[in-house]
Amino acid sequence: MKVLIDAFTNDLIRDPVLATDGHVYDRSSLLKYFAARKSEGRLIVSPQDPEQPMREELGEAPADVAAALAQLRADGELMRKARQARSVTFKSLEALKVVFDVLDPLSELLAATLEGWRTPVVIVFGQETSGKSSLLERLAMMPLLPRGEDTCTR
């Protein structure tokens with residue numbers, strides 16, 4: 001498993017480097033760590049194993065780590081676009097194309113994440129104009145159903 005979280009900040013690594021202890025760190029966090037240890041007059045040791053001395057040399061992060069971080073950033077950009085699209089009111093299903101264009105590349109990730117998960121079944125019944133469609137739209141967090149003066153979702 002790739003470790004993509006910075007050991008110092010617990011944030012996603014921005015600029016990955018390979019340290020002499022064999023672990024990947026964020027460059028700026030590791031350089032701050034080196035500077036702090038030196039200013040305190042302490043030996044630089046691995047943050048992962050305090051018994052292991054460590055040199056200040058930094059190497060290039062493995063290609064799979066860089067690729068995984070790039071993919072996460074791309075997925076984050078897609079999620080940002082999806083959040084923006086969610087605040088828009090859609091007049092038709094055709095107008096949802098923007099949302100589906102954002103979500104389609106995530107379909108494999110979603111399928112893997114939801115493997116073995118059963119989709120919930122929601123049944124809503126009640127009198128006309130009692131808010132059934134509104135409830136379904138709130139659950140979906142998207143205005144999907146048609147609106148009109150007369151009954152239009154029967």
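Because the structure is a prediction, the values reported are computed rather than measured.

J.: What's the story with the side chain of S29 in this structure? I'm lost.
T.: With respect to the helices, strands and loops of the structure, S29 is situated in helix 1 (residues 27-39). In this structure S29 comes out as buried when scored by relative accessible area, which is 11%. If we skip the residues at most four places from it in the chain, S29 touches D6, F8 and T9.

J.: I tried to follow the nonpolar core on my own but got confused; where do I start?
T.: Nonpolar side chains in soluble globular proteins generally cluster together in the buried interior. Counting nine residues, the largest nonpolar core consists of V17, A19, Y25, L30, Y33, F34, I44, V45 and M54. Of all the elements in the fold, those that place two or more residues in this core are strand 1 (16-19) and helix 1. It is helix 1 that contributes the most residues to this core, three residues altogether. Leaving out residues up to four positions away in the same chain, F34 has contacts with I44, M54, R55, E56 and L58.

J.: It is not clear to me how the confidence of the model for the protein should be interpreted in this structure. Could you clarify?
T.: A low pLDDT score tells you not to read the predicted coordinates there in detail. Averaged over all residues, the pLDDT of the protein equals 80, while 84% of them reach at least 70. The weakest mean pLDDT in the protein belongs to helix 2 (residues 63-86) at 73; the strongest belongs to helix 1 at 94.

J.: Is there a simple way to think about the sheet that holds strand 1 in this case?
T.: Ordered in space as 2-1-3, the three strands form an open sheet in which the pairing is antiparallel. If you trace the sheet from one side to the other, it starts and ends with strand 2 (24-26) and strand 3 (58-60), each paired once. Mean inter-strand twist for the sheet, computed between neighbouring axes without regard to direction, equals 55°. Strand direction decides the pairing type here: strand 1 and strand 3, joined by three bridges, are antiparallel. Its bridge partner being in strand 3, V17 is matched across the sheet by E60. Most of the contacts of helix 1 go to strand 2, to which it runs at about 90°, and overall it touches strand 1, strand 2 and strand 3.

J.: Any chance you could explain helix 1 here in plain terms?
T.: Helix length check: helix 1 (13 residues) gives 18 Å between terminal C-alpha atoms against 18 Å at 1.5 Å per residue, within 8%. Of the surrounding elements, those touching the buried residues of helix 1 are strand 1, strand 2 and strand 3. Positive phi shows up at G41, right after helix 1, with a value of about 70°.

J.: Just to check I follow, could you spell out the pairing of strand 1 for this structure?
T.: Within a regular beta strand, the side chains point alternately toward one face of the sheet and then the other, so they alternate between its two faces. With three bridges joining them, strand 1 and strand 2 adopt antiparallel strand pairing. Each residue of the ladder has a partner; that of P16, found in strand 2, is D26. Hairpin geometry of strand 1 and strand 2 is characterised by an intervening segment of four residues between the two adjacent antiparallel strands and by a positive phi of about 90° at G22.

J.: Hey, could you run me through the packing of aromatic side chains in this one?
T.: Each pair of aromatic rings is reported with the distance of its centres and the angle of its planes. If you walk through the whole model with that rule in mind, you get three aromatic pairs. Aromatic pair F8 and Y25: ring centres 5.8 Å apart, planes at 40°, arrangement tilted. A residue pair is termed long-range when its members are at least 10 positions apart, and F8 in the segment before strand 1 and Y25 in strand 2 qualify at 17 residues. On the accessibility criterion, F8 (32% relative accessible area) is partly exposed. When the ring of F8 is compared with that of Y33, the centres are 5.2 Å apart and the planes differ by 40°; the resulting orientation is tilted.

The rules behind these values
- Residues numbered from 1 in each chain as written.
- Predicted model: local features only at pLDDT ≥ 70, side-chain atom pairs only at ≥ 80, totals over all residues.
- Heavy atoms only, no water.
- Helix = DSSP H or I, 4+ residues; strand = E, 2+ residues; numbered from the N terminus.
- Buried < 20%, exposed > 50% of the residue type's maximum accessible area, 1.4 Å probe, protein only.
- Contact = heavy atoms within 4.5 Å.
- Core = buried A, V, L, I, M, F, W, Y, C linked by side-chain atoms within 4.5 Å.
- pLDDT = per-residue confidence, 0-100.
- Pairing = 2+ DSSP bridges.
- Axes fitted to C-alpha atoms, helices over the stretch in contact; angles between N-to-C directions.
- Expected span 1.5 Å × (residues − 1).
- Phe/Tyr/Trp six-rings, centres within 6.5 Å; stacked < 30°, edge-to-face > 60°.

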